[in-house]
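Commentary on secondary and tertiary structure
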Amino acid sequence: MADLTIAELAKLVGVQEERLLEQIKEAGLPQTKSSDSLSNEERSKLLMSLKGKHGDSSPAESSPRRITLQRKTIGILKSSDNQGRSKSVNVEVRKKRTYVKRSVEEAQAAQLEAEKARLEEEKARAAKEAEEATKQEKINQEKVKATPAKPVGSSAPVVPEILDEKGADAKRDFKKGTLKKHSFRNDKDEETNKKDFSRRKAQTEDRKFNKIRPTDDFILDGEEEIGGGRRRSSRKLSQGQKEHKFEMPTEFIVKEIEVPEAISVSDLAQRMSVKGAALVKTLMNMGVMATINLVLDQDTSILLVEEMGHKAKPVSNDKIEEDLFESVQYEGEELPRAPIITVMGHVDHGKTSLLDYIRKSSVTEGEAGGITQHIGAYHVETDHGILTFLDTPGHAAFSAMRSRGAQATDIVILVVAADDGAKPQTEEAIHHAQAANVPIVVAINKIDKEGADPEKVKSELSAKGLTPEDWGGDTQFVEVSAHTGQGIPELLEAALLQAEILELKAVVDCPAKGVVIESRLDKGRGSVATVLVQNGTLKNSDIILAGHEYGRVRAMVDENGKQIKSAGPSIPVEILGLNGTPDAGDDFFVLDDERKAREVAKFRREKFRENQIAKQQIAKMEGMFATMGKDDVKVLNIVLKTDVRGSLEAITSSLAGLGNEEVSVNIISSGVGGISETDAQLAQTSNASIIGFNVRADKSAKTLVENEGLELRYYSVIYNLIDDVKAVLGGLLAPDLQEEILGVAEVRDVFNSPKYGSIAGSMVVEGTVYRNKPIRVLRDNVVIYEGELESLRRFKDEANEVRNGMECGIGVKNYTDVKVGDKIEVFETKEVARTL
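We now turn to the structure provided with this report.

Definitions and cut-offs
Residues numbered from 1 in each chain as written. Predicted model: local features only at pLDDT ≥ 70, side-chain atom pairs only at ≥ 80, totals over all residues. Heavy atoms only, no water. Helix = DSSP H or I, 4+ residues; strand = E, 2+ residues; numbered from the N terminus. Buried < 20%, exposed > 50% of the residue type's maximum accessible area, 1.4 Å probe, protein only. Contact = heavy atoms within 4.5 Å. Areas by Shrake-Rupley, 256 points an atom, 1.4 Å probe, with all protein chains shown as cover. Phe/Tyr/Trp six-rings, centres within 6.5 Å; stacked < 30°, edge-to-face > 60°. Lys NZ or Arg CZ within 6 Å of the ring centre and 35° of its normal.

Before going further, it helps to spend a moment on the overall build of the protein. Across its full length, the protein holds 21 helices and 39 strands. Looking at the protein residue by residue over its 836 residues, the buried ones come to 36%. The contacts in the protein between residues at least 6 apart in sequence include a share of 69% that link residues at least 24 apart. Total accessible area computed for the protein in this model is approximately 50400 Å², and 49% of it derives from carbon and sulfur atoms.

Here it is as structure tokens:
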């Protein structure tokens, strides 16, 4: 490399000129200005100084590191035997080179020694060649003097004398006409050729030696050739033969292999960098008949990995979700937030009416049947502060909704009617709140009605573990009236007091996360989900992952229908933009990458599908064994469509609880949204009834229902739906058979008739005896025969019936062993309809 100035070197290396001048001075070099030049030797000296300063000039390693490269080429040698048959022989040529890491000084010393040895060798070779040339020249001169002259005019060709040891062979070749032109050389040409050969050989050695410079870390230490020389073959080698064949590692490398809950043999082999056949062989040695496509469980995979000498690291299938959530930062400065209050209680105890008074609105009027069938989320600004209310249904079918409401809340207001007391759903709400470890404030409602008995309510609730404060307990009881507003301020104060004790806080400035309260499918807006933000701030255009669904927030609406741009902690909002309707109760998270959200949603959907298939298989097996030896179970097929996801969940769980060993409900398909033509076609194929809860069928679906005569029912109140399904199931039940004794006749005498055989002269002592009804013959109150009457006569006339207190003659068909004192019992069997 040409000399560089200090300024150019500083720019090339990327350091300041002043710093470089200081380093040059420390190295003992004479340069003091930026314009001074540095030669190669001076730069090498500077480099050695810097290495020594940073500790790189320490004594050499105890043993130099070596790298051995091997190259293997395979050729084909064709030959023929004595009989002329061709035979191919594979010839393998192996080359081995070893590189040793040495310091710069050792490399320079090795280069000088090699150069010195080369020069001495060339000098010795040249002296030897000159000595041999001199001897040959003297021999040739003596041969020329001893050769006789040829006669003139001879027709024989003139053969030039070749004055060397190979002269005889060359002369013979010349006579045959095969002597090549380059065989004619005089003494001068031969000496010149030898010098040229020596010069070219020396240049080749120089080029070969100069490939490794003194500054390289590795220099050629030796060369070993196995199976052949260095001559180039004229045969063209393939690309695979030209590649280097490196040595396999002499030491076994132990790897840490991640083992999921289920993995195929081929995937596990790829992780261990071995062939699948090796794993199959190991499995067979372990006693497992396996193929490369066999899916292994985690325990078997761990044993296999350890058998192969590696370390197994069990990982969960949820690792993709864990890695995703770890990449999002949900932490920050915590600030006070509004409390989330869930109103719970028995049906028709005034929960929604109480909230209506607080919100100054009328929600109850909008609910079918006057009962709440959805979770309502409201954000209210009162004189006492900001509050968020969740209104849960009180009907028995909505147990799952109440459970979700208790888990997503901070405080539970338990509403109990003063004139009705504690009911089953009241006790259930207490259990939900206690399971979620949420404090309870009891609101004794309808205190203004006649017959209100607050002390009775306190007594019943104290028996269930809620002791009032004025009784020495720790539960606040407030007497209120949703109609007059009595006690409402005191109730809000009690709730806010409980919130202050809890010291509720949340991070505002971070990605949002929370819970899905409700979801539905809107025909104009698509999927609409009501979510409650628990932490962070939800904004427009955020990427959301909720359960099996994901999407980007296109719009946000508050409970009053107004568009908003962001929602902080404890704020319920409706969001648009998800690709489906998530399940109520699913957690939602805001993520940075839409691709990752899509992957996690797909993973959750596949996992859910696998679980469903596994449950169906288990149910099929259990059902097969349960119904073995029994009559076929009658099934009521239903296609169910609801307005919101919470109602769908409640109705599905309620219908699944109906039925018994003889009849059951099978929900063929369920979903959120209107009834489409596809639903009607499915109902037609599976012979199912279509039920719509707060939804209607479109035009094409109605046409198909009318043409095919399908059953379509609409409902808006859940208990009406459940009652009708119960009635239909009751109609599918096989009726009960009940026997009714119609009359009893006592045998007083026995007569023989040539036409009917034995005739029993009897007296009807109970009820009425009918001719066409089945009978039983009893002797000593034990049934000895069961059959039918052949004749029934009153005197000599045939009679269809004989009433109590009358005599008659009775002929029993195919039975003649009638004796005095026997009783003939007439009965009939009736079918009685059963109900669930």
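The rest of the description comes next.
Turning to the environment of Ile 257, a few remarks are in order. By secondary structure assignment, the location of Ile 257 is in strand 6 (residues 256-259). Distance from Ile 257 to Ile 302, taken between C-alpha atoms, is 9.0 Å for residues 45 residues apart in sequence. Sequence-distant contacts of Ile 257, defined by excluding residues within four places in its chain, comprise Leu 268, Arg 271, Met 272, Val 305, His 310, Lys 311, Ala 312 and Lys 313.

Right, let's talk about the side chain of Gln 23 for a bit. Note on placement: Gln 23 falls in helix 2 (residues 17-26). If sequence neighbours within four positions are ignored, Gln 23 has contacts with Leu 46 and Leu 50.

Quick look at the packing of aromatic side chains now. The relative placement of two aromatic rings is captured by the distance of their centres and the angle of their planes. Summed over all chains, the structure comprises one aromatic pair. With centroids separated by 4.7 Å and ring planes inclined at 15°, the aromatic side chains of Tyr 785 and Tyr 815 adopt a geometry described as stacked. Of the two residues, Tyr 785 is situated in strand 35 (residues 782-794) and Tyr 815 in the loop between strand 38 (807-812) and strand 39 (823-832); the sequence distance between them amounts to 30 residues. Since its relative accessible area comes to 13%, Tyr 815 is described here as buried. In this arrangement the basic side chain of Arg 696 is found over the ring face of Tyr 714, its NZ or CZ atom lying 4.4 Å from the centre. One residue, Arg 776, lies across the ring of Phe 827, its end atom 3.8 Å from the ring centre.

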